[in-house]
Amino acid sequence: MTTEQKLEHRLAMVLDDIKALVEFLDEHRLMEALDKPTKYGDSAWTHISNIEIACDLNDEASIDWKHYTKG
């Protein structure tokens, strides 16, 4: 596997975990928690959306983003 293929696979796994997490929250009636604002965004959905955007190698939007946290 090339480095690019490995990167694409890792990003696909991140997206798969996000989907599984949202499914879990939905099954346990916790989705309303995602609507609440976070320290860094209007809602937790913002962070999920940002992860999806950042994992899309065809989308350049995240290239100019800055870290929310120190570290």
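Residues numbered from 1 in each chain as written. Predicted model: local features only at pLDDT ≥ 70, side-chain atom pairs only at ≥ 80, totals over all residues. Heavy atoms only, no water.

Counting its secondary structure elements, the protein contains two helices and zero strands. Relative to its length of 71 residues, the protein is extended, with a C-alpha radius of gyration of 14 Å against a globular reference of 11 Å. Dimensions of the protein, computed from the C-alpha atoms along their principal axes, are close to 40 × 30 × 25 Å. Put simply, the protein has 8 plus and 15 minus side-chain charges, and the middle of one group is 9 Å from the middle of the other. (Helix = DSSP H or I, 4+ residues; strand = E, 2+ residues; numbered from the N terminus. Rg over C-alpha atoms; globule rule 2.2 N^0.38 Å. Lys, Arg positive; Asp, Glu negative; His and termini not counted. Charge placed at Lys NZ, Arg CZ, Asp CG, Glu CD.)

What follows is about the packing of aromatic side chains. One pass over the structure, following the stated rule, counts one aromatic pair. Judged by centre distance (5.2 Å) and plane angle (35°), the ring pair of Tyr 40 and Tyr 68 falls under tilted. Pair noted here: Tyr 40 is in the loop between α1 (3–27) and α2 (44–55) and Tyr 68 is in the segment after α2, with a separation of 28 residues, a long-range link. Classification of Tyr 40 by relative accessible area gives partly exposed; the value is 36%. (Phe/Tyr/Trp six-rings, centres within 6.5 Å; stacked < 30°, edge-to-face > 60°. Buried < 20%, exposed > 50% of the residue type's maximum accessible area, 1.4 Å probe, protein only.)

This next bit is on the side chain of Ser 43. Topologically, Ser 43 is positioned in the loop between α1 and α2. Since its relative accessible area comes to 13%, Ser 43 is described here as buried. A polar contact is formed between the side chain of Ser 43 and the backbone nitrogen of Trp 45, at a distance of 3.2 Å. What Ser 43 contacts, discounting residues up to four positions off in sequence, is Leu 34, Asp 35, Lys 36, Pro 37 and Thr 38. (Polar contact = N/O pair within 3.5 Å; in protein donor to acceptor, adjacent residues only side chain to side chain. Contact = heavy atoms within 4.5 Å.)

This part covers α1. Its 25 residues place the ends of α1 36 Å apart at the C-alpha level, agreeing with the 36 Å of an ideal helix rising 1.5 Å per residue. All of the buried residues along α1 are Leu 11, Ile 18, Val 22 and Leu 25. Just past α1, the residue Arg 29 takes up positive phi, approximately 55°. (Expected span 1.5 Å × (residues − 1).)

On to the nonpolar core, then. Grouped together as the largest cluster of nonpolar side chains are six residues: Ile 18, Val 22, Leu 25, Leu 34, Ala 44 and Ile 48. It is α1 that contributes the most residues to this core, three residues altogether. Apart from residues lying up to four places away in sequence, Leu 25 is in contact with Leu 30, Met 31 and Leu 34. (Core = buried A, V, L, I, M, F, W, Y, C linked by side-chain atoms within 4.5 Å.)

At a minimum axis distance of 9 Å, the contact between α1 and α2 shows a crossing angle of 155°. With respect to each other, α1 and α2 are oriented roughly antiparallel. Seen from above, α1 lies across α2 with left-handed handedness. Residues Leu 11, Val 14, Leu 15, Ile 18 and Val 22 of α1 pack against Trp 45, Ile 48, Ile 51, Glu 52 and Cys 55 of α2. Along the lines of polarity and charge, the residues of the contact of α1 with α2 split into nine nonpolar, no polar and one charged. (Axes fitted to C-alpha atoms, helices over the stretch in contact; angles between N-to-C directions. Parallel < 35°, antiparallel > 145°, perpendicular 65-115°, else oblique. Left-handed = near helix turned anticlockwise from the far one by under 90°. Nonpolar A, V, L, I, M, F, W, Y, C, P; charged D, E, K, R; others polar.)

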